[in-house]
Amino acid sequence: MEIGFVNFSQEELARKNKVLQMVRDQTAIDELGFGRIRDAFANMMFPGMSTLQRRAKYFAVMPSLFYQATKKNYNKVRDVRAQIVRWEIRLTDMLVNGAGNDENKKTGITGRSMLAAAKNDPSKFVKYDPTYIYMTGLRTFDMVKGDIDIYRLIFERSKQINQQKPKYKTSEEGEMSDSEDLSGLQQFFSVSGENYDFDYGMVLPLELTKKEAEYIKGHIVNSMKSMDSMLAYILRNNVEVLPEYDALGTIWQNMPEDFAEYMKQYRMGQRFSHLAYVVQLRFNHIMAIYNEQQEEADQLQGRIEEVLNQYPTDFTRQAIDDMLFFIRNHVTENTVISFCKRVVEQIEKRNWDKLDDLIVAREKAVKPGRNKLRNPKYKGEERGWPQMLSFRWNEIVYQVINEIRKAM
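Let me begin by describing the structure that accompanies this report. (Residues numbered from 1 in each chain as written. Predicted model: local features only at pLDDT ≥ 70, side-chain atom pairs only at ≥ 80, totals over all residues. Heavy atoms only, no water.)

Some thoughts on the overall build of the protein
Scanning the protein from terminus to terminus reveals 17 helices and zero strands. The buried share of the protein, taken over its 408 residues, is 50%. Put simply, 72% of the contacts in the protein that link residues at least 6 apart link residues at least 24 apart. Accessible surface, the protein: about 20900 Å² in total, of which carbon and sulfur atoms supply 48%. (Helix = DSSP H or I, 4+ residues; strand = E, 2+ residues; numbered from the N terminus. Buried < 20%, exposed > 50% of the residue type's maximum accessible area, 1.4 Å probe, protein only. Contact = heavy atoms within 4.5 Å. Areas by Shrake-Rupley, 256 points an atom, 1.4 Å probe, with all protein chains shown as cover.)

As structure tokens, this is what we get:
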């Protein structure tokens, strides 16, 4: 029997640690049910974006992949799924080859770690494939229209196309013929106009072409579901932004008055982020005390005090009431709203024992049977420090904006 080990480079280790930290942050938020408010702010400011997404290229390529799939013949809907997966594997290979030897460029290519195995056995491709990861955005930006299951949609459109006698042939690959227009394809798919060979293609750069960038930008700024968002405003007005989410708070001084509503979204989101951050720090403090790690607990409490001193106006009952009122139409789960109100009341009084009791009770309610606080099953568990929320900006939003700007 052979025994081996994986030797990560420092770059790979850094990437792995970043992913693990993101998972820890996501888990910490959801342990207390804060995810509903976080997602409400993220969907308001940056609709169609997801923390699983990594590159803008997929928004341009995937609609064409679906559109071309309608030209195949299928016996069952599951045959469509198999075809899509085969092409996703081919797409992954094309993007990896397009990145060459530059490992940094390969960051964000979905499924590249499983590529070798998937080439031999498509069932070994990633569970969260590009279709799953990018579909919400594709629908939000009207690149794929309607809510019908994508595989069922392609199956039904394929039957329509293959039952019709073609009236005209396409003049160019990627353009729709009159017969396809009549079959209703234009009602469901909008393609970038670039040509992609998912059967035999070998190389596809991750960088956007100008045509792809214009296509993505056009859909974001014109779709009914995204046209009034901060994301669309930034793209429409070519607003200069920085990689750090906090930097958004500095651009408002040079912006016209119509940006004021977006700045209010940002500030209310920051208010929630500060509250969630302090509660997560206290969550870790409870664990540290239970694990008899007094030095760690003292450091956590010190950080809490720093945040409270830095943002004093965010930690009043009135401030949190205003934030919750602002987001009221997007969060229907009342227990998290009540939790926020009760939490800030104890923070305002600096009543740490009662705050701890609230946090412990909340985790038990959100994760019954799997709660970690003061649970002997999890005694000694290591836990990373939480991070301030960026509402998907750090994971994907800035990436998409930057890639579009570079291409245009």
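Picking up after the structure, the text goes on.
Some details on a nonpolar patch on the surface
Nonpolar side chains collect at one region of the surface, where L52, Y128 and Y132 lie side by side and expose about 320 Å² of accessible area between them. Within the fold, L52 resides in the loop between α2 (35-45) and α3 (57-69). The exposure class of L52 is partly exposed, given its relative accessible area of 41%. (Patch = residues over 30% accessible without salt bridge, like charges linked within 9 Å, V, L, I, M, F, W, Y side chains within 5 Å. Salt bridge = Lys/Arg side-chain N within 4 Å of Asp/Glu carboxyl O.)

A look at helix α17 (residues 393-407)
With 15 residues, α17 should cover 21 Å at 1.5 Å per step; its first-to-last C-alpha distance of 20 Å lies within 8% of that length. Along α17, the residues classified as buried are W393, I396, V397, Y398, V400, I401, E403, I404 and A407. As for α17, its buried residues are in contact with α3, α10 (210-222) and α11 (230-236). (Expected span 1.5 Å × (residues − 1).)

Some details on the nonpolar core
Ranked by internal contacts, the top residues of the largest apolar core, which has 121 residues, are F41, F46, F66, I216, L248 and W393. Counting residues per element, this core draws most heavily on helix α12 (residues 260-290), which supplies 15 residues. (Core = buried A, V, L, I, M, F, W, Y, C linked by side-chain atoms within 4.5 Å.)

Examining the packing of aromatic side chains
Taken as a whole and assessed by the stated rule, the structure comprises 19 aromatic pairs. Note on F41 and F272: the rings are 6.4 Å apart at their centroids and 25° apart in plane angle, and the pair reads as stacked. Note that F41 is positioned in helix α2 and F272 in helix α12, a separation of 231 residues in sequence. When the ring of F259 is compared with that of Y262, the centres are 5.8 Å apart and the planes differ by 45°; the resulting orientation is tilted. (Phe/Tyr/Trp six-rings, centres within 6.5 Å; stacked < 30°, edge-to-face > 60°.)

Focus on the packing of α12 against helix α14 (residues 317-326)
Any two packed helices are characterised by how steeply their axes cross, that is the angle between the axes, and by the distance between the axes. Taken N-terminus to C-terminus, the directions of α12 and α14 make an angle of 125°; their axes are 10 Å apart at the nearest point. Taken together, α12 and α14 sit at an angle that is classed as oblique. Note on packing geometry: the crossing formed by α12 with α14 is left-handed. Together, E261, K264, Q265, M268, R271, F272 and L275 of α12 and A319, I320, D322, M323 and F326 of α14 make up the contact between the two elements. Its residues assigned to classes, the contact of α12 with α14 comprises seven nonpolar, one polar and four charged. (Axes fitted to C-alpha atoms, helices over the stretch in contact; angles between N-to-C directions. Parallel < 35°, antiparallel > 145°, perpendicular 65-115°, else oblique. Left-handed = near helix turned anticlockwise from the far one by under 90°. Nonpolar A, V, L, I, M, F, W, Y, C, P; charged D, E, K, R; others polar.)

Some remarks on the packing of α12 against helix α13 (residues 294-310)
Interaxial distance between α12 and α13 falls to 8 Å at its minimum, and their mutual angle equals 165°. Taken together, the axes of α12 and α13 lie roughly antiparallel to each other. Considering only the axes of α12 and α13, their crossing is left-handed. Across the interface between the two elements, Y277, V278, L281, R282, N284, H285, A288 and I289 from α12 touch Q294, E296, A297, L300, Q301, R303, I304, V307 and L308 from α13. Within the contact of α12 with α13, the residues separate by chemical class into ten nonpolar, four polar and three charged.

A look at the side chain of Q53
By secondary structure assignment, the location of Q53 is in the loop between α2 and α3. In this structure the side chain of Q53 is engaged in a polar contact, spanning 3.4 Å, whose partner is the backbone oxygen of I133. Residues contacting Q53, with those up to four places away along its chain left out, are G48, F59, I133, Y134, G137, E395 and I396. (Polar contact = N/O pair within 3.5 Å; in protein donor to acceptor, adjacent residues only side chain to side chain.)

Structural notes on the pattern of salt bridges
Overall, the coordinates contain 25 salt bridges when judged by the stated rule. Residue R152 is joined to E156 by a salt bridge in which the shortest nitrogen-to-oxygen separation is 3.3 Å. Pair noted here: R152 and E156 are both in helix α8 (residues 150-163), with a separation of four residues, about one helical turn. E156 gets classed as partly exposed once you look at its relative accessible area, which sits at 27%. Between E345 and K349 there is a salt bridge whose closest N-O contact spans 3.4 Å.

Let's talk about α3
Spanning 13 residues, α3 covers 19 Å between terminal C-alpha atoms, matching the ideal 18 Å at 1.5 Å per step. For α3, the buried fraction is high: 13 of the 13 residues fall into the buried class.

The analysis is restricted to geometry; functional conclusions fall outside its scope.
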